[in-house]
Amino acid sequence: MGSLGGMVWALGTVSSLISGKTIGMALSYSIGQSAPMVATLWGLFLYKEFDGAPKAAWTFIGIMFMCYVIAIGLIAGSK
């Protein structure tokens, strides 16, 4: 299973480097750095990891998403 994870990671890295030539390295890097946001969405909606969590947890998740989107936007705009 670890080898499969390594192959997926390597494919993602190669894809990021190839796309960097076309769309620019800043934008390519920012897309790659969005992975934790996608993982959080999977945890929220697919695995329902936060069912029953207090309202404060949901507030912090929302703040995290806003900060992350702003940060990715700033990285992408730094061409």
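Residues numbered from 1 in each chain as written. Predicted model: local features only at pLDDT ≥ 70, side-chain atom pairs only at ≥ 80, totals over all residues. Heavy atoms only, no water.

### Here we look at the environment of Gly62
Its location among the elements puts Gly62 in helix H4 (residues 55-76). What makes Gly62 partly exposed here is its relative accessible area of 31%. In this structure, the C-alpha to C-alpha distance between Gly62 and Ala26, residues 36 residues apart in sequence, is 25 Å. (Helix = DSSP H or I, 4+ residues; strand = E, 2+ residues; numbered from the N terminus. Buried < 20%, exposed > 50% of the residue type's maximum accessible area, 1.4 Å probe, protein only.)

### Some thoughts on the packing of helix H1 (residues 2-23) against helix H2 (residues 25-32)
Contact pair H1 / H2: the axes reach a minimum separation of 7 Å and the direction vectors enclose 140 degrees. The orientation of H1 with respect to H2, classified from their angle, is oblique. As for the relative orientation of H1 and H2, their crossing is right-handed in sense. Across the interface between the two elements, Ser16, Leu17, Ser19, Gly20 and Ile23 of H1 pack against Met25, Leu27, Ser28 and Ile31 of H2. Residue composition of the contact of H1 with H2, by class: five nonpolar, four polar and no charged. (Axes fitted to C-alpha atoms, helices over the stretch in contact; angles between N-to-C directions. Parallel < 35°, antiparallel > 145°, perpendicular 65-115°, else oblique. Left-handed = near helix turned anticlockwise from the far one by under 90°. Contact = heavy atoms within 4.5 Å. Nonpolar A, V, L, I, M, F, W, Y, C, P; charged D, E, K, R; others polar.)

### Points about the environment of Ser78
Mapping Ser78 onto the fold places it in the segment after H4. For Ser78, the side chain forms a polar contact with the main-chain oxygen of Ile75, separated by 2.7 Å. (Polar contact = N/O pair within 3.5 Å; in protein donor to acceptor, adjacent residues only side chain to side chain.)

### With respect to the side chain of Ser34
Position of Ser34 relative to the elements: it lies in the loop between H2 and helix H3 (35-46). When neighbours within four sequence positions are excluded, Ser34 is seen to be in contact with Tyr68 and Ile72.

### Digging into a nonpolar patch on the surface
A cluster of nonpolar side chains, namely Val38, Leu41, Trp42, Phe45, Leu46 and Tyr47, defines an oily patch on the protein surface of about 680 Å² accessible area. Tracing the chain through its elements places Trp42 in helix H3. (Patch = residues over 30% accessible without salt bridge, like charges linked within 9 Å, V, L, I, M, F, W, Y side chains within 5 Å. Areas by Shrake-Rupley, 256 points an atom, 1.4 Å probe, with all protein chains shown as cover. Salt bridge = Lys/Arg side-chain N within 4 Å of Asp/Glu carboxyl O.)

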